[in-house]
Amino acid sequence: MTPTGSTSLSTPPIAITMGDPNGIGPEITVKAYADPRRRPTALVIGDPDTLARACRVTGTDVTVRPVRSVAEATHSPGVMNVLAEDTLPDDLALGTVDARAGAASFRYVRRGIELALRGEVRALTTAPINKEALRLAGLPYPGHTEILAELSGTRDYAMMMANDELRVVLVTVHQSLRTALDALTTARELEIIRLTHRTLLTGGPTGTRPRIAVAALNPHAGESGLFGREDLDIIEPAVRAARREGIDASGPWPADTVFMRARSGEFDAVVAQYHDQGLIPVKYLGLEHGVNITIGLPFVRTSVDHGTAFDLAGRGTADHTSLLTALHHADALAGAESGTEAGPEFGTGAGSGAGAAGPPIPAPTGI
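## Comments concerning the overall build of the chain
Working step 1: When its secondary structure is counted, the chain shows 11 helices and 14 strands.
Working step 2: In the chain, buried positions account for 56% of the 367 residues.
Working step 3: Of the contacts formed within the chain by residues at least 6 apart in sequence, a portion of 74% connects residues at least 24 apart.
Working step 4: Only carbon and sulfur atoms are counted for the fraction: they give 51% of the accessible area of the chain, which is about 15,100 Å².

## Observations regarding the sheet that holds strand β9 (residues 167-170)
Through backbone hydrogen bonds, the strands of a sheet pair up, either in parallel or in antiparallel fashion.
Working step 1: Strand order in the open sheet made by the 12 strands is β4-β6-β3-β2-β7-β14-β13-β8-β9-β12-β10-β11, with mixed pairing throughout. Only two strands of the sheet have a single partner each, and these edge strands are β4 (63-67) and β11 (248-253). Direction aside, the axes of adjacent strands within the sheet are offset by 25° on average.
Working step 2: Relative to strand β14 (residues 301-304), strand β13 (residues 291-295) runs antiparallel, the two being bridged by three bridges.

## Digging into the pattern of salt bridges
Working step 1: This model, assessed by the stated rule, comprises 17 salt bridges.
Working step 2: A salt bridge links arginine 100 to aspartate 91, with the nearest nitrogen and oxygen atoms 2.7 Å apart.
Working step 3: Aspartate 91 gets classed as exposed once you look at its relative accessible area, which sits at 53%.
Working step 4: Residue arginine 188 is joined to glutamate 191 by a salt bridge in which the shortest nitrogen-to-oxygen separation is 2.9 Å. Of this pair, arginine 188 and glutamate 191 both sit in helix α7 (residues 186-201), three residues apart, which is roughly one turn of that helix.
Working step 5: Relative accessible area serves as the criterion here: at 21%, arginine 188 is assigned to the partly exposed category.
Working step 6: One network of salt bridges, in which partners are shared, links Asp91, Asp98 and Arg100.

## Overview of the side chain of glutamate 189
Working step 1: By the secondary structure assignment, glutamate 189 is in helix α7.
Working step 2: Summary of buried charges: glutamate 189 has no salt-bridge partner, and the nearest side chain of opposite charge, arginine 188, is 7.8 Å away.
Working step 3: Filtering out sequence-adjacent residues up to four positions away, glutamate 189 remains in contact with Val171, Leu184, Val214, Ile234, Ile235, Ala238 and Gln273.

## Brief notes about helix α2 (residues 48-58)
Residues three or four positions apart in an α-helix share a direction because the helix packs 3.6 residues into each turn.
Working step 1: All buried positions along α2 are accounted for by Pro48, Thr50, Leu51, Ala54, Cys55 and Thr58. Buried residues of α2, viewed axially, fall in a sector of 160°; they line one side. α2 presents Asp49 and Arg56 as exposed residues on the side facing more than 90 degrees away from its buried surface.
Working step 2: At its buried positions, α2 is contacted by α1 (25-34), β3 (42-46), β4 and β6 (79-84).
Working step 3: Looking one or two residues beyond α2, the residue adopting positive phi is glycine 59, at roughly 70°.

## Some words on the packing of aromatic side chains
Working step 1: One pass over the structure, following the stated rule, counts two aromatic pairs.
Working step 2: Summarising the aromatic geometry, the rings of phenylalanine 106 and tyrosine 141 are spaced 5.8 Å apart at their centres and angled 15° between planes, so their arrangement reads as stacked. Linking phenylalanine 106 in helix α3 (residues 99-118) with tyrosine 141 in the loop between α4 (131-136) and α5 (144-152), this pair joins segments that are 35 residues apart in sequence.
Working step 3: Look at tyrosine 141 and you get buried, because its relative accessible area is 11%.
Working step 4: An angle of 40° between the planes, with centres 6.2 Å apart, marks the rings of tryptophan 253 and phenylalanine 267 as tilted. Taken as a pair, tryptophan 253 in strand β11 and phenylalanine 267 in the loop between α9 (255-263) and β12 (269-272) lie far apart in primary sequence, 14 residues in all.

## Description of the packing of α7 against helix α8 (residues 230-244)
Packed helices, taken two at a time, are described by the angle their axes make and the gap between the axes.
Working step 1: Where α7 contacts α8, the two axes come as close as 8 Å, and the packing angle between them is 40°. Considered as vectors, α7 and α8 are oriented oblique to each other. Like other packed secondary-structure pairs, α7 and α8 cross with a definite hand, here right-handed. For the pair α7 and α8, the contacting residues are Thr186, Glu189, Leu190 and Ile193 in the first and Asp233, Ile234, Ile235, Pro237, Ala238, Val239, Ala241 and Ala242 in the second.
Working step 2: Here the residues of the contact of α7 with α8 are counted per class, giving nine nonpolar, one polar and two charged.

## Focus on unusual backbone geometry
Working step 1: Of note, the amide linkage connecting glycine 251 to proline 252 takes the cis form, showing an omega dihedral of 5°.
Working step 2: Note on placement: proline 252 falls in strand β11.
Working step 3: One non-glycine residue, histidine 220, adopts positive backbone phi at about 55°.
Working step 4: Using a relative accessible area of 46% as the deciding quantity, one classes histidine 220 as partly exposed.
Working step 5: Residues other than glycine seldom take positive phi values, yet alanine 309 does so here, at roughly 45°.
Working step 6: Turning to its location among the elements, alanine 309 is positioned in the loop between β14 and α11 (321-338).
Working step 7: The partly exposed category is assigned to alanine 309, whose relative accessible area is 24%.

## Considering the nonpolar core
Working step 1: Formed by 75 residues in total, the largest nonpolar core has its most connected members in Val44, Leu51, Met80, Ile147 and Ile193.
Working step 2: Looking at this core, the element that brings in the most residues is α3, giving eight residues.
Working step 3: Beyond its immediate chain neighbours, meaning those up to four positions away, valine 44 contacts Ile16, Met18, Thr29, Tyr33, Leu51, Met80, Asn81, Val82 and Leu83.
Working step 4: In this structure, Val173, Phe259, Phe267 and Val270 belong to the second largest nonpolar core, which totals 16 residues.

Conventions adopted
Residues numbered from 1 in each chain as written. Predicted model: local features only at pLDDT ≥ 70, side-chain atom pairs only at ≥ 80, totals over all residues. Heavy atoms only, no water. Helix = DSSP H or I, 4+ residues; strand = E, 2+ residues; numbered from the N terminus. Buried < 20%, exposed > 50% of the residue type's maximum accessible area, 1.4 Å probe, protein only. Contact = heavy atoms within 4.5 Å. Areas by Shrake-Rupley, 256 points an atom, 1.4 Å probe, with all protein chains shown as cover. Pairing = 2+ DSSP bridges. Axes fitted to C-alpha atoms, helices over the stretch in contact; angles between N-to-C directions. Salt bridge = Lys/Arg side-chain N within 4 Å of Asp/Glu carboxyl O. Lys, Arg positive; Asp, Glu negative; His and termini not counted. Arc of directions from axis to C-beta. Phe/Tyr/Trp six-rings, centres within 6.5 Å; stacked < 30°, edge-to-face > 60°. Parallel < 35°, antiparallel > 145°, perpendicular 65-115°, else oblique. Left-handed = near helix turned anticlockwise from the far one by under 90°. Nonpolar A, V, L, I, M, F, W, Y, C, P; charged D, E, K, R; others polar. Core = buried A, V, L, I, M, F, W, Y, C linked by side-chain atoms within 4.5 Å.

Following this line, the structure appears as structure tokens:
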């Protein structure tokens, strides 16, 4: 039965997973949900008691309403629909790594994936989980990206980090630098270039080819082999192969300048070779506006670009802007995939101030 004063949802909502219960995920979730700038209809997957406590801690005026299915969710001002998973133990301690919290955060993501694959939600936005807590729970995943790929049956996927000035896609992600170097192959480089190209074509201007810069691995792009041959022997052949396929790819470009060039509008995205090479430039421009987008999935998934921040958990001071931005990204991308309007206007892409064209992947304006 629909509660008095509420209405049934007219379109599938975006599902928000609340993240690790011991981190700031619940607090930024309730803050983002209550923020008057939030545009898309949303439903939270998590623990109602934990979210109610987060409301008290943050002083957020939202009523938590547990529901058993997406069909039970309704639109009512000041009410947050929460798709409840198993009840959490009472002795979970905020700000600590706990296997039980890790297992719970995994269940929230798994439920979100199931709903997205069935089309019951139109996108998935995730609050942060803790990798050590996952490991303690016996879950062999280094992060969200790998969970999403395995449970959705996706083989070709990648992590894109984006804000209103820069888009970066990673060739290798959550692994040591030593093993990341060993994982670099021409086939993997070409796969990521292709995936970046296909992603940027979604929603882009008709007839426009995305301009993809590939960052070099070694200083000065290896100086013709003087500082290592990986750029010559692994990356350059992949760029040539992509160009033969009609992809506007170039490089390998020295990594100390290529991100600046993309930010100024010369490129629409940069393919980075390893985690910190790509994420430092994005995060330096501001954690609050960065968004993690998993490309290649059969549904839209966005996330914050920060972690669980156990040191802030329970204080009520955590900034929810990145989660709000991730929600608006999901709204835009889901609209682009379906060909429907996704709300107020979004920016035009990395380097939009310099006239670069691109799909609605950068952070929305006004956040």
